[in-house]
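Observations on the three-dimensional arrangement
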Amino acid sequence: MEAGKIIPFILVVMFSLQTLMAQNYDESKVGNYRLPELLKTQKGKTVSTIKDWEKIRRPEILNLFENHVYGQVPKDFDDIAFEVTNLDKNAMDGKATLKEVAITVTRNQKSVSINLLMFTPNKAKKPVPMFLVINHRGIKTMDVTRQNKDGFWPAEEVIEAGYGISGFDVIDVSPDDKVKFREGVLNQLYPEQLEMNNGMRALGAWGWGAARAIDYFEKDKAVDAGKIISVGHSRGGKASLWFGAQDKRVAITISNESGNSGAALSRRNFGETVERITNHFPYWFCPNYQQYANNENKLPVDQHMLIALIAPRAVYVASAAEDLWADPKGQYLALTEAQDVYELYKVHTNLPAEMPDVNEQIIRPHIGFHNREGKHNMTPYDWQQFIQFADNYFKRH
C-alpha cells in the first residue's frame, strides 16, 4: 500500500471498529420500548375479526411499510416473456432436470432480463414445491455445473428431499451497490420510483424479481406453483420477508439472519440499528426511512408487523448464536408478537415465551424458528430445518 494511503485506510478501519463497538450487545442495556399496536387501526379501532384485519388493518400496515421503510413496489408492466436457454434432463447424474430461464420484462419499450436457475427432481411423480432463493452472494454460489457446491445453496440435498430449488442473482434486477443499484429494473423500467421518497429501492426490486420467477413457475408443469418457498439470507432475508408479506402466492417465507429491518425488532437497542443500516445501506430502503435513524420510536411500524402480514401463511425465522449483530432474541420476540394475527385465523402457534436454546428448533404449524451455533451464514444445518418445516407444513410425510 502506498504511504499516502496508509493513514486514510487506518482511519477508515478505526472508524469501523468504533462504530461496531458503539453498538449494544448487553441485554441489560436494551431498556424499555413500546411497540406499535398490531391489532388497532390508525383510527383507534380494535381489530378482532379476519374481515377487519384483511380489509382495514392489513392494508394500513402494508401502506406504512411502503411509505416509511421499503418503498412501494410497482406491479405494472407491458409484457413478460420466458425462454428456456439451457435444459439438461440428466443433471446431477440423472437425479435432476436443470433449466435456465430468461425472464424478460418490458415496460415503456425498455426491457430487463432475469436469469432464473432451477433444478427439479426427476423421481417426482407430480409437480414439486419450489425453494426460491433471493441470492446476493453471486452466481458462483448457484453453479449449475455443480463443480462448485456451496452449502448456501445445497441443490443436491434439496433435490434428494423431493423439492425443487431455484434462484436468481440480484444483480439482474438491482445490483447490491450504493451507486449501481439503479442499473436494471429501476432505471430501465421504473425510473419514476427513483424520484419518490417512498419509491422502490433495492430490497423492493429484489422481491419484484422473485415475483417474476413465480410468474414463470405458474407456467412450468414441473412446479407446484401453490407451494413456493421464498428464501433469503441477511439482506436477502429482509427482501424475502417484504416479498412474502406482499405476494400471497408465497406459501412459506424464510428469513435467515435478516436482523435489523428484517425479522428483528427495530426498537430494541441491540446489535445493528436503523441509524447504522440507513447510513451504510441507504439504497436498500426508500429515502423516507432515514428520518428514523436514532428515532425508532417515531416509526409507525415495527418488524413484528411485517411478519404478521404473512399470516395465515407460513414463516420461518432462523438465527445464529454468534450473530449478535442480527439480534437473534429480537427476531424471536418479533415472531412471538406476530402470533396475535395467526390467532385471528385460529392458527394456534403457542410459541414459548423464552427463546429456545441454541440448536433447538421450534417447528410448529405455520411458524418456525431456530438459533443455531455459529456465525452469520446460511448453512446445510439451516436448510435441514427449512426442509423439515416445509415437510410439516405441506404434510409431505
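See the structure shown above.
Residues numbered from 1 in each chain as written. Predicted model: local features only at pLDDT ≥ 70, side-chain atom pairs only at ≥ 80, totals over all residues. Heavy atoms only, no water.

Points about the packing of helix α6 (residues 202–217) against helix α7 (residues 235–246)
In contact at an axis separation of 8 Å, α6 and α7 are set at 60° when each is read in the N-to-C sense. When the axes of α6 and α7 are compared, the pair comes out oblique. As for how α6 packs across α7, the hand of that crossing is right-handed. Counted together, Leu203, Gly204, Trp206, Gly207, Ala210, Ala211 and Ile214 of α6 and Arg235, Gly236, Lys238, Ala239, Trp242 and Phe243 of α7 form the full contact between these two elements. (Axes fitted to C-alpha atoms, helices over the stretch in contact; angles between N-to-C directions. Helix = DSSP H or I, 4+ residues; strand = E, 2+ residues; numbered from the N terminus. Parallel < 35°, antiparallel > 145°, perpendicular 65-115°, else oblique. Left-handed = near helix turned anticlockwise from the far one by under 90°. Contact = heavy atoms within 4.5 Å.)

A look at the environment of Met142
Examined against the element boundaries, Met142 turns out to sit in the loop between β4 (128–135) and α4 (155–160). Counting along the chain gives 236 residues from Met142 to Met378, while the straight-line C-alpha distance between them is 13 Å. For Met142, the contacting residues outside a window of four places in its chain are Leu117, Asn135, Trp153, Gly167, Phe168 and Asp169.

Comments concerning α7
Relative to the 16 Å expected for 12 residues at 1.5 Å per residue, α7 spans 17 Å between its end C-alpha atoms, a close match to the ideal helical length. Extensive coverage of α7 is indicated by the burial of 11 of its 12 residues. Restricting attention to buried positions, one finds in α7 the residues Arg235, Gly236, Gly237, Lys238, Ala239, Ser240, Leu241, Trp242, Phe243, Gly244 and Ala245. (Expected span 1.5 Å × (residues − 1). Buried < 20%, exposed > 50% of the residue type's maximum accessible area, 1.4 Å probe, protein only.)

Let's talk about α6
Every α-helix winds through 3.6 residues per turn, so residues three or four apart in the chain are directed the same way. The end-to-end C-alpha separation of α6 is 23 Å, in line with the 22 Å expected for 16 residues at 1.5 Å each. Taking burial as the measure, the 16 residues of α6 include 16 buried ones, the bulk of the element.

Quick word on the layout of surface pockets
Space inside the largest pocket adds up to approximately 260 Å³. Along its surface, the largest pocket is lined by 20 residues, and Ser234, Arg235, Glu272, Trp325 and His376 are the ones closest to its centre. A class-by-class count of the residues in the lining of the largest pocket yields 5 nonpolar, 8 polar and 7 charged. (1 Å grid on protein atoms, 1.4 Å probe; cavity = no way out; pocket = protein on both sides within 12 Å on 5 of 7 lines; lining within 4 Å. Points joined across faces, edges and corners; volume = space filled by probe spheres on them. Nonpolar A, V, L, I, M, F, W, Y, C, P; charged D, E, K, R; others polar.)

Re the pattern of salt bridges
Tallied over the entire structure, the rule returns 22 salt bridges. A salt bridge links Arg146 to Glu156, with the shortest nitrogen-to-oxygen separation between them at 2.9 Å. Residue Arg146 is located in the loop between β4 and α4, and its partner Glu156 is located in helix α4; the two are separated by 10 residues in the primary sequence. For Arg146, a relative accessible area of 9% corresponds to the buried category. With relative accessibility at 22%, the residue Glu156 sits in the partly exposed group. In this structure, Asp382 and Arg372 form a salt bridge, with 2.9 Å as the shortest nitrogen-oxygen distance. (Salt bridge = Lys/Arg side-chain N within 4 Å of Asp/Glu carboxyl O.)

Some remarks on the sheet that holds strand β6 (residues 223–233)
Ordered by their spatial adjacency, 10 strands build an open sheet running β1-β2-β3-β5-β4-β6-β7-β8-β10-β9, and the pairing between neighbours is mixed. Each having just a single partner strand, β1 (79–90) and β9 (362–364) make up the two edges of the open sheet. For this sheet, the mean angle separating the axes of adjacent strands, direction not counted, is 15°. Examined bridge by bridge, strand β3 (residues 110–121) and strand β5 (residues 164–169) share 3 bridges and lie antiparallel to one another. The residue of β5 that forms the bridge with Met118 is Ser166. On the sheet, α7 packs against β4, β6, β7 (250–256) and β8 (314–320) and is oriented at approximately 140° with respect to β6. (Pairing = 2+ DSSP bridges.)

Some points on the pairing of strand β2 (residues 96–107)
For β2, the buried fraction is high: 11 of the 12 residues fall into the buried class. Where β1 and β2 come together, 9 bridges link them in antiparallel fashion. Residue Glu83 lies in a different strand from β2, and its bridge partner there is Ala102. As consecutive antiparallel partners, β2 and β3 are separated by 2 residues, and within that stretch Asn108 has a phi angle of approximately 50°, a positive value.

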